[in-house]
Amino acid sequence: MKIINAGYEILTQISENGKEELQHIEKIGRVCYKSEERITEDGKSAKEFVKRVIDRGHEAMIEHSSLSVKFIVDRGVSHELVRHRIASFAQESTRYCNYSKDRFDNGVTFIRPVFFAEGTFQYSDWLMAMGEAEKTYLELLKEGATPQEARSVLPNSTKTEITITANYREWRNFFKLRTEKAAHPQMREVTIPLLAELKQKLPVVFDDIEAEV
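This report concerns the structure included in the present document. Only a predicted model underlies this, so the values are computations on that prediction, with no experimental measurement involved. (Residues numbered from 1 in each chain as written. Predicted model: local features only at pLDDT ≥ 70, side-chain atom pairs only at ≥ 80, totals over all residues. Heavy atoms only, no water.)

Notes on the packing of helix α1 (residues 19–33) against helix α2 (residues 44–55)
Next up, step 1: Where α1 meets α2, the closest approach of the two axes is 9 Å, and the angle between their N-to-C directions is 65°. By crossing handedness, the relation of α1 to α2 is classed as left-handed. Along the contact surface, α1 presents Leu22, Gln23, Ile25, Glu26, Gly29, Arg30 and Tyr33, while α2 presents Ser45, Ala46, Lys47, Phe49, Val50 and Arg52.
Next up, step 2: Looking at the contact of α1 with α2, its residues break down into six nonpolar, three polar and four charged. (Axes fitted to C-alpha atoms, helices over the stretch in contact; angles between N-to-C directions. Helix = DSSP H or I, 4+ residues; strand = E, 2+ residues; numbered from the N terminus. Left-handed = near helix turned anticlockwise from the far one by under 90°. Contact = heavy atoms within 4.5 Å. Nonpolar A, V, L, I, M, F, W, Y, C, P; charged D, E, K, R; others polar.)

As C-alpha cells, then:
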C-alpha cells in the first residue's frame, strides 16, 4: 500500500508571461471590431485587449485558448471534477488497471486526506480501513475476479489521475467554484496552488480571481 499527497501537473506548454497565448486571443478577438491595426508585436496591446474583454464580460473571446491539467487526486474529488461539462476528460480506469501488477508496485495507492493529521486516531482509523480495502481487493484478484469486479471494494480515497482540457473561460468558472470556502478541502488542496501558478504564467486571464481563505 502506498500513501501519497494530492497534486497536479500543467501539461500545456505556456509561453513566457503568457505572451503568445494573449496574442492569440487578441488576434481572434479583434476580428469582432476590425481593429487588427492596433496589434503591437511587443504583446502590450494583447495584454490590454484581453483585460478589457474580461472586464466587460466578453469572455467568449478567451474560449479560443485552452489548457490541459493532470490532477492526481482521490476518486471522490475526481467525481466532482467531471461535473464541469464544458471540458474533455481522460481518467485512469479501475476497470482495466490491475493494481496487483508490478507496474503498480503490486498494490493500491491512496491519497492522504488533508483533513486528518498523521498521528491522530482519525488518521489511524483511515489508514486501517485503506489497508483492509487493499487486502480484500488483492484477495479478490487472486480468487479470479477481474479488475472491474475487484474494484467494487475500493474506497473514495483510491488515487486516480485525471486530465482535464478546457478553454480559459471554463477554467475561470472552475476556479471561482472550486477555490471558494464551500469547496471540498481536498479540492481546494490542488486548485488553490494551481490558480496561484496560473496567475504567474497567464497574467490577465486569471488575475481577478481570488481564492477564499
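Next comes the rest of the write-up.
Side note on the packing of helix α6 (residues 168–178) against helix α7 (residues 185–201)
Next up, step 1: At their nearest, the axes of α6 and α7 sit 10 Å apart, and the two run at 135° to each other. The angle between α6 and α7 places the two elements in the oblique class. Judged by the sense of rotation from one axis to the other, the crossing of α6 with α7 is left-handed. Packed against α6, whose contacting residues are Phe174, Phe175 and Arg178, the element α7 presents Met187, Arg188, Thr191, Leu194, Leu195 and Leu198 at the interface.
Next up, step 2: A per-class count over the contact of α6 with α7 returns six nonpolar, one polar and two charged. (Parallel < 35°, antiparallel > 145°, perpendicular 65-115°, else oblique.)

Description of the packing of aromatic side chains
Next up, step 1: A full pass over the atoms with the stated rule returns 12 aromatic pairs.
Next up, step 2: Here the aromatic rings of Tyr99 and Phe104 are separated by 4.9 Å at their centres, their planes lie at 75°, and the arrangement is edge-to-face. Exposure class is identical for Tyr99 and Phe104. Each is buried.
Next up, step 3: Residues Tyr99 and Tyr137 carry aromatic rings whose centres are separated by 6.0 Å and whose planes lie at 45° to one another, so their mutual orientation is tilted. Remark: Tyr137 occurs in helix α4 (residues 121–142) and Tyr99 occurs in the loop between β4 (88–91) and β5 (109–111); sequence separation between them is 38 residues. Accessibility classification places Tyr99 together with Tyr137 in one group, the buried group.
Next up, step 4: Members of the aromatic cluster, connected to one another through ring pairs, are Phe71, Tyr168, Trp171, Phe174, Phe175 and Phe206. (Phe/Tyr/Trp six-rings, centres within 6.5 Å; stacked < 30°, edge-to-face > 60°. Buried < 20%, exposed > 50% of the residue type's maximum accessible area, 1.4 Å probe, protein only.)

Overview of the nonpolar core
Next up, step 1: Counting residues in hydrophobic clusters, the biggest one holds 38 residues, and the most contacted among them are Val50, Phe71, Leu81, Trp171, Phe175, Leu198 and Phe206.
Next up, step 2: Residue assignment for this core shows that the elements contributing at least two residues are α1, α2, β3 (66–74), α3 (75–81), β6 (159–167), α6 and α7. (Core = buried A, V, L, I, M, F, W, Y, C linked by side-chain atoms within 4.5 Å.)

Things to note about the sheet that holds β3
Next up, step 1: The four strands lie next to each other as β2-β3-β6-β4, forming an open sheet whose pairing is antiparallel. A strand with exactly one partner marks an edge of an open sheet, and here the two such strands are β2 (7–10) and β4. The mean angle between the axes of side-by-side strands here comes to 20°, regardless of whether they run parallel or antiparallel.
Next up, step 2: Inspection of the sheet shows β4 paired to β6 by four bridges, in the antiparallel sense. Along β6, the bridge assignment pairs Ser88 with Thr165.
Next up, step 3: On the sheet, α7 packs against β2 and β3 and is oriented at approximately 30° with respect to β2. (Pairing = 2+ DSSP bridges.)

Some remarks on the environment of Val190
Next up, step 1: Note that Val190 resides in helix α7.
Next up, step 2: Taking relative accessible area as the criterion, Val190 reaches 2% and is therefore assigned buried.
Next up, step 3: Taking the C-alpha atoms as reference, Val190 lies 11 Å from Asp74; in sequence the two are 116 residues apart.
Next up, step 4: If we ignore the near neighbours within four places in the chain, the residues touching Val190 are Ala6, Gly7, Tyr8, Phe71 and Val73.

Structural notes on the environment of Trp126
Next up, step 1: The residue Trp126 is located in helix α4 in this model.
Next up, step 2: Residue Trp126 is classed as buried on the basis of its relative accessible area of 8%.
Next up, step 3: Separated by 63 residues in sequence, Trp126 and Glu189 place their C-alpha atoms 19 Å apart.
Next up, step 4: A polar side-chain atom of Trp126 sits 3.0 Å from a polar atom in the side chain of Ser157. (Polar contact = N/O pair within 3.5 Å; in protein donor to acceptor, adjacent residues only side chain to side chain.)

That's the geometry; what it means functionally is another story.
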